[in-house]
Amino acid sequence: MKKYILKFILVGVSFYVMILIVGFCCIYAAQGDDTWNYLKDFWEWYKTLF
């Protein structure tokens, strides 16, 4: 039973990391060398919402 739960957790974490990497690659493809500035601006905008 513990192996089943561990496997489920590892698969979930792997999917989450995969989605983050794909998202970052899409942002990099759209923004190019300006990716870090885009992410900084995004987080500054996100902080201002709160």
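Scroll up for the structure.
Described in the following lines is the structure provided in the data block. (Residues numbered from 1 in each chain as written. Predicted model: local features only at pLDDT ≥ 70, side-chain atom pairs only at ≥ 80, totals over all residues. Heavy atoms only, no water.)

So, the overall build of the protein chain
Check the secondary structure of the protein chain and you find two helices and zero strands. In summary, the protein chain has a C-alpha radius of gyration of 16 Å against a globular reference of 10 Å for 50 residues, an excess of more than 25%. Dimensions of the protein chain, computed from the C-alpha atoms along their principal axes, are close to 45 × 30 × 10 Å. Burial status across the protein chain gives 4% buried among its 50 residues. Of the roughly 5000 Å² that the protein chain leaves accessible, carbon and sulfur atoms contribute 73%. In the protein chain, 5 positive and 4 negative side-chain charges are present, and the distance between their average locations comes to 29 Å. (Helix = DSSP H or I, 4+ residues; strand = E, 2+ residues; numbered from the N terminus. Rg over C-alpha atoms; globule rule 2.2 N^0.38 Å. Buried < 20%, exposed > 50% of the residue type's maximum accessible area, 1.4 Å probe, protein only. Areas by Shrake-Rupley, 256 points an atom, 1.4 Å probe, with all protein chains shown as cover. Lys, Arg positive; Asp, Glu negative; His and termini not counted. Charge placed at Lys NZ, Arg CZ, Asp CG, Glu CD.)

Some details on the packing of helix H1 (residues 2–31) against helix H2 (residues 35–49)
Remark: H1 packs on H2, axes separated minimally by 9 Å, with the N-to-C direction vectors making an angle of 115 degrees. Judged by the inter-axis angle, H1 sits roughly perpendicular to H2. The two elements H1 and H2 meet at a crossing, and its hand is right-handed. Only Thr-35, Trp-36, Tyr-38 and Leu-39 of H2 make contact with H1, whose side of the interface consists of Phe-24, Ile-27, Tyr-28 and Gln-31. (Axes fitted to C-alpha atoms, helices over the stretch in contact; angles between N-to-C directions. Parallel < 35°, antiparallel > 145°, perpendicular 65-115°, else oblique. Left-handed = near helix turned anticlockwise from the far one by under 90°. Contact = heavy atoms within 4.5 Å.)

Brief notes about the environment of Tyr-28
Among the structural elements, Tyr-28 can be located in helix H1. For the pair Tyr-28 and Tyr-38, spaced ten residues apart in the sequence, the C-alpha separation amounts to 9.5 Å. In contact with Tyr-28, not counting residues within four places along its chain, are Asp-33 and Thr-35.

Thoughts on the packing of aromatic side chains
Within the structure shown, the criterion is met by six aromatic pairs. Arranged with centres 5.5 Å apart and planes meeting at 75 degrees, the rings of Tyr-46 and Phe-50 form a pair that is edge-to-face. (Phe/Tyr/Trp six-rings, centres within 6.5 Å; stacked < 30°, edge-to-face > 60°.)

Section: H1
The terminal C-alpha atoms of H1, which comprises 30 residues, lie 43 Å apart, in line with the 44 Å expected from a rise of 1.5 Å per residue. Remark: Gly-32 follows H1 within two positions and exhibits a positive phi of approximately 70 degrees. (Expected span 1.5 Å × (residues − 1).)

Some remarks on a nonpolar patch on the surface
Taken together, the side chains of Met-1, Tyr-4, Ile-5, Ile-9, Val-13, Tyr-16, Val-17, Leu-20 and Ile-21 define a hydrophobic patch exposed on the protein surface, amounting to about 990 Å² of accessible area. On the basis of relative accessibility, which here comes to 47%, the residue Ile-9 falls in the partly exposed class. (Patch = residues over 30% accessible without salt bridge, like charges linked within 9 Å, V, L, I, M, F, W, Y side chains within 5 Å. Salt bridge = Lys/Arg side-chain N within 4 Å of Asp/Glu carboxyl O.)

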